[in-house]
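Structural characterization, general
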Amino acid sequence: MSEYQVLYRKWRPKIFDDVCGQPQVTVTLKNELKSGRIAHAFLFTGSRGTGKTSCAKILAKAVNCLHPIDGEPCNKCEICLGIDNESVLDVVEMDAASNNGVDDIRDLRDELTYTPAVAKYRVFIIDEVHMLSVNAFNALLKTLEEPPPYAVFILATTDVHKLPQTIISRCQRFDFNRIAPEEICKRLLFVAQQEDITLDGEAAMLIARIADGGMRDALSLLDQCIGVSRTVTEEVVGTVAGMAGKNYLFDIAEAVCSGDTSALLETVDALNTSSKDMSRLCAELVGHFRNLLVQKTVQKAQKLLAVTSAENQKLHEQAQRFTLQQLLHAISALTEAQDKMARGGNRRTELELCLIKLCKPELDTSPEALLRRISDIENKIKNGGILAAGDMRSLLTNANTSQEASQPAPADDASATSLCDDAMPIDRWQDVLSLLHERSLPLYSALRSSQGYINENCVFVDCTKTGRERLRSSSSRVFLKNALHEILGGDYRLGPYTPGKKAAAGSQDEESPIDRLARLAGSAGFTVDE
Ligand SMILES: Nc1ncnc2c1ncn2[C@@H]1O[C@H](COP(=O)(O)OP(=O)(O)OP(=O)(O)O)[C@@H](O)[C@H]1O
Ligand SMILES: [Mg+2]
Ligand SMILES: [Zn+2]
């Protein structure tokens, strides 16, 4: 029985055409090889597992192959086979990570005085070349300045900025890109087919996204997955990649959203008891809120996120519960907490403090938080909400605790007049309509020529009969409320705009503003929700 060979070794590309996603390298090299004009020094740079070493090996064969085909090595002649099994000593691979001294480079220069034994070129592949010492670089530079005609150097590194400029300028440089998830996905499906592995399209795409541009990482992850099951689904990938069981991230975000500090502290406590590292948790939360932010701002978010479809759906739902500002703020606050932990703060305390502040914005007395709250108020004023002194007080103390903010303001003598009569036109109504345009065309068309009026936490819509009929459906009202929430930043009740009904409305003195509003609304065709 032959020994199991890991997939990424087994599936190392053998010709340039097998190298995925690097045409800027492979097409150029093939053209040079076809024309017979070969540089003496190449520099391959780029992130891990993107094909540098693979291309160096192909190039070493291609320059020496006895029967090259269209710039590619044949992989069949004695030279190609000899290079593969390392019996052709004219091709030397050196790992600069372990041979980084000046003596190693001097040995290499001494060797270079001999002409090739069997091949056309002596090829030196120096991997991880950034690890060379300063003296070794100087020795290498001398060699690169006057190479014998039969010498070819291929330097490979992930850290090109660690190389002296003098070395870089002597080489023909090729930059290897991170490989696009679609390319990785295609290759994974190909390898799976060859290996008789059942691999779902979605699972392949998830692996590709997790691998973040590295083909080696993608193939390793596939290898780990088939260790679990020869039928690889999204779920298998999620489990192997350690993405499962991250419900606590959703729980914490949920607690932040609903202002539930006790649920929050209990969750953190439970995680701490189960030895979860608090700075790791903080980093995961940053990632979670980033995912929510992407969900909030990008249409087809799953393309950008390394998550399963089920998780994508959960993220999508949770993202609706936050405003853009809240998400941005959460990310920056958590990042700040990470910094404080790194500077030696108590990890658990820093995390808890940060989360509680996110939960209860009124406890956050930083200038930024105050500015945020002032700008909330400014928005409300700008949008026509007239704030009585009492309202202003309640806004300042309850900013963002939406349950309380959505209670009707206590009716003083002035506000016993019709809420609708005193309502002000909303400046940003057009913005609200634009949002509707994106989300619900029928509702948008019905409200196209409408105008919204605001008073306290009630929004009154002056619209056509069609518009009023649309607004009887609760889904339409949810669309409108969400749009209002995003543009004006609050939770509003909806009603029809019917000024001047006050006089006809009879005994308002005993009636609460909300009851009266409900009555007015009912008579105008749609109901005010509670
Ligand atoms: N562009 C690619 N196309 C197809 N397979 C690739 C590609 N890049 C990497 N691989 C796979 O990953 C393995 C490792 O690739 P390689 O050694 O060429 O990467 P590298 O860029 O040299 O990485 P490192 O920077 O870690 O040395 C290959 O054996 C192959 O299976
Ligand atoms: Mg390499
Ligand atoms: Zn050959």
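Our structure is the block above this text.
Here's a quick rundown of the structure. (Residues numbered from 1 in each chain as written. Chains lettered and ligands numbered in written order. Predicted model: local features only at pLDDT ≥ 70, side-chain atom pairs only at ≥ 80, totals over all residues.)

1. Describing the environment of Leu-484
Along the polypeptide, Leu-484 turns up in helix 24 (residues 474–488). Between the C-alpha atom of Leu-484 and that of Asp-431, which follows or precedes it by 53 residues, the distance is 9.2 Å. Non-local contacts of Leu-484, meaning those with residues more than four positions away in its chain, are made with Val-432, Val-459 and Tyr-492. (Helix = DSSP H or I, 4+ residues; strand = E, 2+ residues; numbered from the N terminus. Contact = placed C-beta atoms within 7 Å.)

2. Some points on the site of ligand 1
The immediate surroundings of ligand 1 are formed by 23 residues, with Arg-12, Gly-51, Lys-52, Thr-53 and Ser-54 found nearest. Taken together, the elements giving at least two residues each to the shell around ligand 1 come down to helix 1 (7–10), helix 3 (52–64) and helix 10 (215–228). Of the residues contributing to the shell around ligand 1, the split by class is nine nonpolar, eight polar and six charged. Split by domain, the residues of the shell around ligand 1 number at least three in each of domain 1 (7–176) and domain 2 (181–240). (Near = placed C-beta within 6 Å. Nonpolar A, V, L, I, M, F, W, Y, C, P; charged D, E, K, R; others polar. Domains from an automatic or database assignment.)

3. Details of helix 13 (residues 261–273)
Under the 1.5 Å per step criterion, the end-to-end length of helix 13 is 18 Å for 13 residues, consistent within 8% with the ideal 18 Å. Among the residues of helix 13, those classed as buried are Leu-264, Thr-267 and Val-268. Each buried residue of helix 13 lies within a common arc of 95 degrees when the element is viewed along its axis, so the set occupies one face. What points out from helix 13, more than 90 degrees from its buried face, is the exposed set Ser-262, Asp-269, Ala-270 and Thr-273. Phi turns positive one or two residues past the end of helix 13, at Ser-275, with a value near 65 degrees. (Expected span 1.5 Å × (residues − 1). Buried ≥ 20, exposed ≤ 12 C-beta atoms within 10 Å, placed from the backbone. Arc of directions from axis to C-beta.)

4. As for the nonpolar core
Counting residues in each nonpolar core, the largest one holds 56 residues, and the members touching the most others are Leu-188, Ile-207, Ala-208, Ala-218, Leu-222 and Val-256. Formed by 43 residues, the second largest nonpolar core is a distinct cluster that contains Ala-41, Phe-44, Ala-62 and Ile-79. (Core = buried A, V, L, I, M, F, W, Y, C linked by C-beta atoms within 7 Å.)

5. Structural notes on the environment of Ala-96
Topologically, Ala-96 is positioned in the loop between strand 2 (91–95) and helix 5 (102–111). The exposure class assigned to Ala-96 is buried, which follows from the 22 C-beta atoms found within 10 Å. Sequence spacing of Ala-96 and Ile-125 is 29 residues, and the spatial spacing of their C-alpha atoms is 9.7 Å. With residues up to four places along the chain from it excluded, the contact list for Ala-96 reads Ile-126, Asp-127, Glu-128, Val-129, Met-131 and Leu-132.

6. Section: the sheet that holds strand 9 (residues 451–455)
Taken in spatial order, the four strands of this open sheet run 8-9-10-11, and their pairing is mixed. Only two strands of the sheet have a single neighbouring strand rather than two, namely strand 8 (424–425) and strand 11 (493–496). Strand direction decides the pairing type here: strand 10 (residues 458–462) and strand 11, joined by four bridges, are parallel. Bridging from a neighbouring strand, Cys-458 pairs with Arg-493 of strand 11. (Pairing = 2+ DSSP bridges.)

7. A closer look at the packing of helix 16 (residues 324–342) against helix 17 (residues 347–359)
In a packed pair of helices, the relevant descriptors are the angle between the two axes and the axis-to-axis distance. Contact pair helix 16 / helix 17: the axes reach a minimum separation of 9 Å and the direction vectors enclose 160 degrees. Of the possible angle classes, the one that applies to helix 16 and helix 17 is roughly antiparallel. Both helix 16 and helix 17 take part in a crossing whose hand is right-handed. Counting all contacts with helix 16, which are made through Ala-330, Ala-333, Leu-334, Ala-337, Lys-340 and Met-341, the residues of helix 17 involved are Arg-347, Glu-350, Leu-351, Cys-354, Lys-357 and Leu-358. (Axes fitted to C-alpha atoms, helices over the stretch in contact; angles between N-to-C directions. Parallel < 35°, antiparallel > 145°, perpendicular 65-115°, else oblique. Left-handed = near helix turned anticlockwise from the far one by under 90°.)

8. Considering the packing of helix 14 (residues 278–297) against helix 17
Remark: helix 14 packs on helix 17, axes separated minimally by 8 Å, with the N-to-C direction vectors making an angle of 30 degrees. By the angle between their axes, helix 14 is roughly parallel relative to helix 17. Here Met-278, Ser-279, Leu-281 and Cys-282 of helix 14 lie close against helix 17, whose contacting residues are Arg-347, Arg-348 and Leu-351. Taken together, the residues of the contact of helix 14 with helix 17 break down into four nonpolar, one polar and two charged.

9. A few points about the pairing of strand 2
Of the pairings in the sheet, the one linking strand 2 to strand 3 (residues 122–127) comprises five bridges and is parallel in character. Its bridge partner being in strand 3, Asp-95 is matched across the sheet by Asp-127. After leaving strand 2, the chain enters helix 5 and then returns to the sheet as strand 3, a path that is right-handed. (Right-handed = clockwise from strand over helix to strand, strands pointing away.)

10. Description of the sheet that holds strand 2
The strand order 2-3-4-1-5 describes an open sheet built from five strands, whose pairing is parallel. Each end of this open sheet is capped by a strand with a single partner; those strands are strand 2 and strand 5 (172–176). Across the sheet, the axes of successive neighbouring strands diverge by a mean angle of 15 degrees, strand direction being ignored. The pairing of strand 3 with strand 4 (residues 151–157) spans five bridges and is classified as parallel. Bridged to Ile-125 within strand 4 is Ile-154. Sheet contacts for helix 3: strand 1 (41–46), strand 2, strand 3, strand 4 and strand 5; angle to strand 4, the most-contacted strand, approximately 170 degrees.

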